[in-house]
Each structure stands twice: as structure tokens, then as C-alpha cells.
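Chain by chain, the residues:
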Amino acid sequence: MEGPPGKTLLRMASLSLAIHGTPILSDVSLTLEEGRITGLVGESGSGKSMTALALIGLLPKGSATTGAIHMDDTDLTQLAERQWLGIRGNDIGMIFQEPMTALNPVQTIGAQVSETLRLRGTSRAEALRIAREKLDRVGLGPIPLDRYPHELSGGQRQRVCIALAIARRPRLLIADEPTTALDVTTQAQILDLLRDLVRDEGMALLLITHDLGVVAGLADEVAVMKDGAIVEADTTEALFRTRAHPYTRDLLAAAQPKPRPARTVEPAPVLTADTVTRRYGALTAVDGVSLTLHRGECLGLVGESGCGKSTLTRALLGLEPVQEGSIALLDRPVGPAMTRADRARISVVFQDPYGSFDPRWTVRRLVQEPFHLTGKPADAEARAITALEQVGLSAGDLDKYPHEFSGGQRQRIAIARALITAPEVLVLDEAVSALDVRVRAQVLALLNDLRVRLGLAYLFITHDLTVVRAVADRVLVMQTGRIAEEGPTADIFERPAHDYTRALLAAAPTIPAKWLRGDQH
Amino acid sequence: MARALLTRLISLALSLVVASVVIFVMLQAVPGDPAAFMLGLNAQPDTIAALRAELGLQGGFVQRYIAWAGGMLTGDFGTSYTYRVPVADLVADRIGVSAPLALYALLLTVLIALPAGLLAATRRGQASDWGVMGATQLGIAVPNFWFAMLLVFLFAVKLRWVSAGGFPGWSDPGAALLALTLPAVALALPQASILARVLRGALIDTLDQDYIRTARAKGLSRRATTIRHALRNAAIPVLTILGLQFSFLLAGAIIIENVFFLPGLGRLIFQGITQRDLIVVQSVTMLLVFAVIAVTFAVELAYTLADPRLRRRAAR
Amino acid sequence: MLIGTVLTALFAGAAALSLFWLPHDIAALDISQRSLGPSLTHPLGTDHFGRDMLSMLMAGARTSIAVALVAVGIGVGLGVPLGLWAAATRGSWLDEVIMRGNDLIFAFPSLVIAILITAVFGPSALNAILAIGIFNIPVFARVARGGALPLWTLDYVMAARVAGKGRLLISAQHILPNVANLLIVQATIQFSLGILAEAALSYVGLGAQPPTASWGRMLADAQTMIYTEPQLAVLPGLAIVLMVLGLNLLGDGLRDALDPRLRRVRM
């Protein structure tokens, strides 16, 4: 994994940043070497993206920096905008998180890649030739130059962004969460591409990510960032082995939840789907899916985007009709026509902690909304308080609005809302996917505790294999509308039978187990 | 693409049919018999009947609609009740004033709005932005006919640079253009204010997009990014507004023609109304509606060309 | 926003006051008092018929505001439910019919049709209201639908559906309150456009009829005197500009104050 030690390319020395007086970064020092990959890891709001923007001179208005960024003989923090124009794209290139919006929708990819070359006065024909070459280099050989971004997939668009960033052979490439928006198999391909580029072109790569698995597999050096400061930095293996800083230990523990011990659940079906098929016109989103969820069980449903898991979720919640097959909840049929009393026995927690609540409603009203199904009981207020206390909040939160809570707290409110009608089944639709790892660990612990205490059955839908392994008793792997494989969690992870499952597992970024064994510090 | 074009054309034709029915029905609701009105109180019943035949007022409701709509298609707009000449001839005379006026105003609108919007968006929060925003805020609030009156007062009454109204005809193009200049300015100012604000808003929205950051990261200057990446993406909302503005310019022209005593379609409609020459009103209104629907159609085509995503959708 | 509120309140106050009291009777013509400059009895002077300008302007404000307000009411009352319903049934034939109908009304040059309506049914303030109001319907329908569509994809709407609520209830409880900001801002814009449209219609003689005072009519009268009494054209025009300006500033201010994105930043 270790690359050869290289020549120092860029040295960030005690950089501090304040935006409109608010301190964002303090005393950040980093050294980037040619031919090596440096991982910058941190949770959201830790300042890692601002560090990147400082490196390419695109800090927002109102920024004030102290310290220096040395590259060759210049201090980048002292450059005027005109001088930056000669550096951006030429010495330093950058790719961003969201490939879907990072390309101009009304220009062809050929025009966008060649534009950066044309800046240097390269002729049009030559620029297009090099653009072709770069697109070939990033694995887009079969894609013509006259395609528009919307005609490409997310992974392909990210490759175009990479081609565009490396078109002028910069010495430093900054990648800000380059794979966060992508599926795990696409992520693995993009990470491989980045690694090859660094080795072939001898450039330095600053890889910014929240995912420790990604840096473990790719980076030579890692810096851990928290609240605008670097708390620990070392070569990758040493950092993972020693874990000198308590924050690093926290982060690692949260990112690597312990696999769920195997157990057998008494067969007592609460939710069953029998060869369910859902079509939209010519597209079959869900294709003959059968599943059974037992009382007290946590059933994981894993799949990449577009595999049909969202459609299946809506069908299981009785929000959409199915064309074939049937769904039953405690022996009663599920569908758009189901009674309110039946609906009260199943509820759901969604992914987005921001979109899950009407911003104009108080927590009191939000949490009690499901009483629409049962009629408002006399003790509604008391039950709302109980639900909040169950998820670690208090009666004092009833009169607050959603925006007054953090992402993790909002997911707790969403769980309280889901529990208020005392349902038997809880559908968790990517319920922890938007959370930082440490918050995620807390919410997972809460969910586990609630399941045991209240005897709930969970259908846990996610794209994240690590999480599934930590919470699920059984796992269903879904691919293009069908269930590819089904079995006890340990079996699926240790002896995957289906090719697709194997591909998923192989693609998932992991920290080598030997680095984590024992406490070596 | 061809099929999408056909669908659009069919919907265009449908809009025209519905519009013509609405206009026809509305004008049928006017009480009184135009023939009797024209001939006065002492007219003989058979003279009235003869005139009715001449004016195409015979037959049932549907029959008359078909006769009128069919006539419109072949360029026969009916016969004016007042002047006893084909409406088409009247229109042909007047359109030579109204169409150039609307185009002149449209041109001025774009010429004023484009630099103003660009300036305000790229200097966001600076003095020039505040200046443009303040001026356009005022420009929107000024009724164009009042602005026209002020222009007349200043340039015709006080400075005596131009005559207060009238139209010398196209035999002297210079004089004709001069006569249209004040009306065009009066029409263009409020529309330019709106367009400049829309352009500024659209540009600011696109300048916040991720692909602008990408363009900056590859080394494009702020100005090059704005011109090459933001402007074309901002074109879609701007084109939409421009299409709507054509309709406002037409309507505005009707009123402005009255301020400047220009013999255009607007004057024709008003004469038609005061003289109860309903066939003129009916046909000219239909013509204006046709113009607006056709422009809307052209605008839709234009932004299909501006946005490849729509091209794809249209082709599907 | 402050200037906008002050200007709007000023005109609204003048209009309200004119319902009970005017400095002078505007129906009484007194040629001996004509074309006077500002004085204590006539703070803004008199017109060419000897009528008090201040009283005329106050009564004109009443006409303008009444016409524009009712026209906005028509637009909101019919357009908003249509737009919300179209969004709730997105993609269905109902949505299609509502939106195509909207497009059709948009295709008409509004002022031309307004002229037509008043021409056919006779010029009056009521017909002016109808003519302006009809064209407000598609505007509000579009804004309501456009604001509602993204909300329908949000998880809280999904949560409400899971809680067994129907489209109507969700539209009323979750969608309408969250598009209200957009609608309020649009209402101020349509209000100011309504005032401009009313002035234009009155100016060409198709709006409010004498003896009802109207800014547009005052301008039309003044135009005939532009060589002799140019000052008569100034005040009514200025009144229109200030009223419209005030409403637009108020609308902009409201948009900034109500924009949840801006509010989130402030918190």
C-alpha cells in the first residue's frame, strides 16, 4: 500500500482561517508529497472542505487567513486572483463530491475537458485530441466527446470531472469526498482510478473523506481533523495501529461497529411479502420479491441505488399498489386501501433528518401526527412525552421546532414519531445513512435497545454493509428489482453465494483487520 | 425531434382554435344588431337584411363562426361595418406601424437589460448592483403611458426636438424611425427593468451552482466563467420572460399608440370599439393572440436549442 | 422593506380615510377655482375643473386599491386551490387539464383581452376587476403548483401519508402553509401589476367611469392639457409610481424575511 517517499510539493504551515470573524480553521499544518496520497478525515463541519478551498484559492468572501501555504518558492496565501489563474488547473486540480451537478449541463463533455487546455492557447484540434486522450485515460474510451453530462451515469460523470482536473497534468489533485455520492461498486472503481493516476503521473493527491475505510485502502498518510484543527497525523498504517488520539479511537470504534452475534429468532411472521411485483410502464421496479419479517427480528435489506428498494418500501407501507403478489401485516392485507387501525401497526423512519419534518410544526404536533390513524387518545400528551423520553429527549423539547435540533436529535424525534402508535413493525429506510459515524453509533445503539425493550421487528433498509452487519439478524441482497441472495447475516458476509453479493463485499472499503487487532499503543 | 415538433404544432393549433372560439363567443354576447346600428333608426327591414347578408351576419352561430374562422385562415378578415372595406386592408395599413414599434421596443429592451443585468450580477452587493437594482425598481413602477406623457412633454413640448405624435409613413424611413423612437423608449423602459432583474436573478442562481466552482477550479477567471458557463444556463428563464414580454409589449403598444396618435393596430381596435365595428375588433384581437401564441411557440423552440436536456426530453 | 411598508400604509390609509372623509367634494366642479397652485385650502392645488387634487388622489387611491385587491382575491381564491390540486395529483389528467388551461390563458395578451372584456360588457370598475382578476388565476395556480411539487417529494409528506392522511388534508396542513410565503410575495407583485393595469384601463377610458375618481382617468384628462397645464400630469403619475414602488419594495422585503434559506442562515 505504501508509495515511495516523494519530494515535498506543498507545505501548509499553521494555516488559520476565519470567515466573517468566525474561526473555521486553526493552526492547520500539512505536507503533501509528489506521488503520494494524503487522506484528510473528519466529520461534517470539521473544516476539511475549507482546507481544500484554501489550497486552491477559492475561499468564500469574507475569509481571512494567517499562516502560509508554500509551493515551490511562493506562498499561495499571498497570491492575487490574477496569479491564481495560472495555478488553478495548471498546478492544482480539484474534483468535488457531487458529480451530478459539477458539470455544466449545456456543454458537451468534450468542450468542458478541452476548455481547460484552450486556456493555455492550445489549438482547438489539439485540445480535443488531448481531451479524447484524457477521457480514454479515465476509462471513458467508448464515450464520444459530444455527449452531454445528463446522458452519463454518476460514476461516468465523476470520471469526466477527473479527466477535466488532470487535463493539464497538475502536480496536486484535491479530491473532496469524490465517491460519497456514488454506489459502493462505482466507488471502488473511482478509487482504483485515482490510485493509478497518482502512481502513473507522480502527482500528489489530497483525498478528503469522512470514510475511514476509504483512506485505509488508499492513503499513504492520514490526518484526522476535528473542529478546524488536525488532532493526529501519521502514515496510514501507523495511525490505525497506534490510534494515539482519543478522538481517532472514538471515530474508529464508531466506524467499525461490532458484528451482530448470531441468534435464532422464533418464527412468528409479522410482515410478509409474497412474490410482489411493481411496474411503472415498461420498467419493472420490483420483480417477484418475497420476504418474511418475524417478531423481534431485524431484517436487513441491502442494495445499490436504483435496485428497487425504495419502491418496495412504499409498497410494504401500503402507499402504493402492487401489480402482482400480496403483502400481509399480521395476517391483514397491505395496500392503499388498508384501514387506519392496520396502518397504525407499521411505521417508518426516513433517511433525511432535514426533510423529515414540516419546518412549521412543533415537536409536540409532529410527534403526535400518527394519532391521525387511531384518533387522538386522552393521554396523547403523556404518550408524546414517553415517546420522547424513550429516544433520549425530554418533555422540554415539545415546544421546539425541528430546526433547533442537530441531525442525530432529529432522527431521534423521527423514531419517537414512529413509535407513538405502538406499532409492531418499524421500517428504517436509510435511517442512519446521513449521520456522522459517532452519531450513527449512538442511534444504532438506541434502536437496538428499543427493539429489545419493545419487542419490535425492524426492516432495516440500507446501502451500507458495515451497518447491516452490526444490526441485522438476516440479510436480503437486492439487485435490479429481485432478491439476489438471502440468509443469516454471518453467512452472507462470510460465505456469500451470489456473484453480486461477492462484488458488493469486495468493493466495500474496509480497514485491514490486522491493523486493529489488540491495543498496540 | 420531428415528432416532438409535430406535437407542439398540434397544441399550437389547438390553442388557436380555443382562442378563436373564446373571442368569437365573447363578441357575440354584445347586444344589438350591427346592421341596424349602422343604418340608423329609419332603415327598412329589407335594407337591413341586405346589409346583414353583405356583412356575413346571416346563419346560425356555428355557421358564422366557421365562416369567420375559415376566412381568417385564407386571409379574409371580414368586411368592416364602418368603412365597408375588407378588414385585411385596414390591418395591412396599420401593421406597418405596430410591428416595427413592438420590434423596436423589444430590441431596446434587450439592449438595455443585457448589460445592466450582467453588471449587477457580477458586481453583486457593490455600488453598481445597487444602482441597477434601484433604477429597475423605479422602472417597473412607472406606468409606460405616463412615462410616455413625460417624454412628450420634455422632448416635444419643452425641447421641441420631435413632434408630439402622428406618423409620417415609411416613405421617409428616417422620419418614421424618429417618430417611433419615443414610443419605443416608453414601452421598453419598464420591460427592460423587469428583464434586467430576471437576468440578474438567473445569473446569481447559476453562479452558485457546482459547475461554476468546477470551472473556477480549472483556472477560468471569474469573467470567463460568467460568460461561458453562467450566461447560457441563465438563458432559459430569461427567454421565458422575453416571450411573455412580447405579449406585454403588444398590449402596451395599444395604449402607447394612443398617447402618440400613432395609426397602429391599437388605434384600430379603439376605433372599432367606439364605432361598434365589432368585426374589426374581433379579427384584430385574433391576430394579436395569434402573434403571442406564435412567439411563445418560438421561445419554446429556442430554449429547446439552448438546453440539451430538453432536446433529449423532446426527442423521447 | 421599511420604505415599502410606509408607502403602502400611506396609500392604504389615504384610501381608507377617503371612505369617510375627503377634504373637498370631488363631484363639485368650480371653474372659478380651477388650476390653482398649492394653498392652505388646496394643499396640492386644483385641476382644470376646480376640483381639489388631494381629494381626487385620495379617492383615486381607493379605486386603485379596491380594483387591485379584488382582482388579487379572484386570483388567490381560484388559482391557489387549482394549483395545489394539480400538484397533489401530479401527472394525472386533472393536472394536465388545469395546467393546459393555464397555458391557454397565458397565451392571451392580457391587456388586449381586458380591453376586449370592458369593450364588450361596457367600461366599469367591476369589469376592470374581472378582466384583471382572470389573468391572476393562472399566475397563482402556477406559483402554488411550482412551490408544492418539490414539497410533495419530501419525507414529511411521506410521513403524513404513512399517518393515513389523504391528499386534501396534506395539502391543507403541510403544503399550503409552506407555500404561503411564495403566495404572499406573489400577491404583492400581482397587486402592484393590478394597480398598473387599472391605471392603464382607466387611462384609455375602459376602467372606472366618472364621477368615480381614478388615477388613470386623471392622467387621460391631463394629457389633453399637456401644453397648458403640464403640472396636472405629474401628481397622479407620481401617485401610481409611489404606490407600485411601495408594494414592490414590500414584496421584496417580505421575500427576504420569509425565505427559509435566509432564515436558517440567520439562526
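Just so you know, these numbers come straight off a predicted model, no measurement behind them.

Looking at this model, I keep getting lost on empty space enclosed by the protein. Mind explaining?
Here the structure, examined in full by the defined rule, presents 9 cavities of 30 Å³ or more. Its volume calculated, the largest cavity comes out at about 130 Å³. What lines the largest cavity is a set of 14 residues, and nearest its centre among them are A:S347, A:P370, A:R417, C:A159 and C:V162. No other element matches the 3 residues that strand β16 (residues 346–349) of chain A contributes to the lining of the largest cavity. Of the residues assigned to the lining of the largest cavity, the class counts are 9 nonpolar, 2 polar and 3 charged.

Before we go on, may I ask you to explain the environment of A:I511 in this structure?
All names here are of chain A. Looking at the secondary structure, you find I511 in the loop between α18 (499–507) and α19 (513–516). On a C-alpha basis, the gap between I511 and H498 in space is 24 Å, while along the polypeptide they are 13 residues apart. Discounting residues that sit within four places of it in the chain, I511 has contacts with L212, G213, A216, F240, L252, Q256 and L516.

Please explain the sheet that holds strand β14 (residues 324–329) of chain A as it appears in this structure.
Consider a sheet: its strands pair through backbone hydrogen bonds, and that pairing is either parallel or antiparallel. Residues and elements named next belong to chain A. In space, the 4 strands of this open sheet follow the order β12-β11-β14-β15, with antiparallel pairing throughout. For this open sheet the edge positions go to β12 (283–294) and β15 (332–333), each flanked by a neighbour on one side alone. When β14 meets β15, the two strands line up antiparallel, connected through 2 bridges. Within β15, the position partnered with A328 by the bridge is P333.

Explain the interface of chain A and chain B here, please?
One widely used convention gives an interface's size as the accessible area the parts lose upon coming together. Listed as interface residues are 27 residues of chain A and, on the opposing side, 21 residues of chain B. Taking both partners together, chain A and chain B bury about 2300 Å²; carbon and sulfur atoms supply 57% of that area. When residues of chain A are sorted by the area they lose upon contact with chain B, A:F96, A:V106 and A:E115 head the list and together hold 25% of the total. For the pair chain A and chain B, the number of links is 3 salt bridges. B:R216 is the salt-bridge partner of A:E81, the closest N and O atoms lying 3.1 Å from each other. Elements supplying a minimum of two residues to the side of chain A that touches chain B: α2 (81–85), β6 (92–95) and α3 (109–118) of chain A. Tallying contributions element by element places α3(A) first for the side of chain A that touches chain B, with 3 residues. For the side of chain A that touches chain B, the class distribution of residues is 13 nonpolar, 7 polar and 7 charged.

Quick notes on the rules
- Residues numbered from 1 in each chain as written.
- Chains lettered and ligands numbered in written order.
- Predicted model: local features only at pLDDT ≥ 70, side-chain atom pairs only at ≥ 80, totals over all residues.
- Heavy atoms only, no water.
- 1 Å grid on protein atoms, 1.4 Å probe; cavity = no way out; pocket = protein on both sides within 12 Å on 5 of 7 lines; lining within 4 Å.
- Points joined across faces, edges and corners; volume = space filled by probe spheres on them.
- Helix = DSSP H or I, 4+ residues; strand = E, 2+ residues; numbered from the N terminus.
- Nonpolar A, V, L, I, M, F, W, Y, C, P; charged D, E, K, R; others polar.
- Contact = heavy atoms within 4.5 Å.
- Pairing = 2+ DSSP bridges.
- Buried area = accessible area lost by both parts, 1.4 Å probe.
- Salt bridge = Lys/Arg side-chain N within 4 Å of Asp/Glu carboxyl O.

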